[in-house]
Amino acid sequence: MRKKIVAGNWKMNKSWPEAQALVHALIEKKAMIPAGVQVIIAPPAPYLQPLSVAAAPAIAVAAQNCSQHDSGAYTGEISSVMLASMHVNICIIGHSERRQFYGENNEIIRTKVDACLRNAITPIFCCGELLAERNAGEHFTTVAAQVKDALFHLSAEEVSKVVIAYEPVWAIGTGVTASNEQAEEMHAFIRAFVSKNYNQDVADSISILYGGSVNAANAAELFACPNVDGGLVGGASLKADDFMTIIQAAQ
Ligand code: PGA
């Protein structure tokens, strides 16, 4: 059964005191989290361990990225083995900013998905087209290639453990969100694509989140789309009140 999930991607924001204050503000409001909605925050790596303690059990903590390698001479990297050993069991993989600024291609992202699953970490696998690709009518083929290359080597059991986030790149941090129709159309397409490669049960077990300028005003409409199972929220997850409104919209 697919779950409703609202995940906040903090990206490279917040000092340590600010991060603590945000988590405290969210925890103070934890009674407002609807039953059945899983809430996740993805703070910067240095804060993962202390915030996972401060936020538990109402809110889970996710890493924003991890290495495809388990250990070794990879200066600056953090492995999924390390995350798992710190009880961080969720990791965003293949965010468009990783693709754009750090050269992550579908092949690298596939190996990162594998590293997560190998270490019992739930990958939140991100996909989404550029504006030029949408304007050229290539958004379905782009997203299909991303999903296929990163996920379709997995067994049905493995792929069922993945959360997919559809994040059109033109909607990330721009204030321009996909319309409800555009979001639903792509989410339905991704689910049908997974069903075709695996089966309907597998497709129905995968949560597909929408990301890209989700805010307190538009979340309820987006999350009401039948194939949208919640959101991956950037900017609006940095304010406790806005993030809580978005969490409630996933009910
Ligand atoms: P945004 O970011 O909500 O600020 O557009 C979403 C994301 O990058 O995950």
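In case you missed it, the structure is sitting above this.
Bear in mind the structure is a predicted one, so any value in this text is a computation, not a measurement.

## Looking at the sheet that holds strand β5 (residues 122–127)
Strand order across the open sheet formed by 8 strands is β3-β2-β1-β8-β7-β6-β5-β4, with parallel pairing between neighbours. In the strand order of this sheet, the two ends are held by β3 (59–61) and β4 (90–93), each with one partner. Strand after strand, the sheet turns through a mean of 25° between neighbouring axes, direction not considered. Pairing geometry for strand β1 (residues 4–9) and strand β8 (residues 230–233), over 4 bridges, is parallel. The residue bridging Val6 from the neighbouring strand is Gly231, located in β8.

## Quick word on the pairing of strand β6 (residues 163–166)
Along β6, one buried face is formed by Val163 and Ala165 and the opposite face, lined by Ile164 and Tyr166, is buried too. Judged from the 3 bridges that link them, β6 and strand β7 (residues 208–211) form a sheet pairing that is parallel. Paired with Tyr166 across the bridge in β7 is Tyr210.

## Notes on helix α1 (residues 16–28)
With 13 residues, α1 ought to run about 18 Å at 1.5 Å a step, and its terminal C-alpha atoms sit 18 Å apart, in line with that. Of the positions making up α1, those classed as buried are Ala19, Leu22, Val23 and Leu26. Buried positions in α1, seen along its axis, are confined to an arc of 95° and lie on one side of it. In α1, the exposed positions that point more than 90 degrees away from the buried face belong to Pro17 and Glu28. Among the structural elements, β2 (37–42), α2 (48–55), β3 and α12 (240–249) are those in contact with the buried residues of α1.

## Notes on the side chain of Asn65
Here Asn65 lies in the loop between β3 and α3 (80–85). Given the relative accessible area of 17%, Asn65 is considered buried. Only 2.9 Å separates the side chain of Asn65 from the side chain of Lys112, close enough to count as a polar contact. When sequence neighbours within four positions are dropped, the list of residues in contact with Asn65 reads Leu83, Cys91, Ile92, Arg98, Glu104 and Lys112.

## Concerning the environment of Met82
Residue position: Met82 is located in helix α3. A relative accessible area of 42% means that Met82 is categorised as partly exposed.

## Some points on the packing of helix α5 (residues 106–118) against helix α7 (residues 139–151)
Look at α5 against α7: their axes get within 8 Å of each other, and the N-to-C directions meet at 45°. Here α5 lies oblique to α7, going by the angle between them. Of the two possible hands of crossing, α5 and α7 adopt the one that is right-handed. Here α5 contributes Asn106, Ile109, Arg110 and Val113 to the contact with α7, which in turn contributes Ala145, Gln146, Asp149, Ala150 and Leu151. Of the residues assigned to the contact of α5 with α7, the class counts are 5 nonpolar, 2 polar and 2 charged.

## A closer look at the site of the ligand
By nearness alone, 13 residues border the ligand, and Lys11, His95, Glu167, Gly173 and Ser213 come closest of all. A distance of 2.7 Å separates an oxygen atom of the ligand from a polar side-chain atom of Lys11. Contact between the ligand and Glu167: an oxygen atom at 2.7 Å from a side-chain N or O atom of the residue. Relative to its free-state accessible area of 280 Å², the ligand is covered by the protein chains to the extent of 95%.

Reading the values: the criteria
- Residues numbered from 1 in each chain as written.
- Predicted model: local features only at pLDDT ≥ 70, side-chain atom pairs only at ≥ 80, totals over all residues.
- Heavy atoms only, no water.
- Pairing = 2+ DSSP bridges.
- Helix = DSSP H or I, 4+ residues; strand = E, 2+ residues; numbered from the N terminus.
- Axes fitted to C-alpha atoms, helices over the stretch in contact; angles between N-to-C directions.
- Buried < 20%, exposed > 50% of the residue type's maximum accessible area, 1.4 Å probe, protein only.
- Expected span 1.5 Å × (residues − 1).
- Arc of directions from axis to C-beta.
- Contact = heavy atoms within 4.5 Å.
- Polar contact = N/O pair within 3.5 Å; in protein donor to acceptor, adjacent residues only side chain to side chain.
- Parallel < 35°, antiparallel > 145°, perpendicular 65-115°, else oblique.
- Left-handed = near helix turned anticlockwise from the far one by under 90°.
- Nonpolar A, V, L, I, M, F, W, Y, C, P; charged D, E, K, R; others polar.
- Near = heavy atom within 4 Å.
- Areas by Shrake-Rupley, 256 points an atom, 1.4 Å probe, with all protein chains shown as cover.

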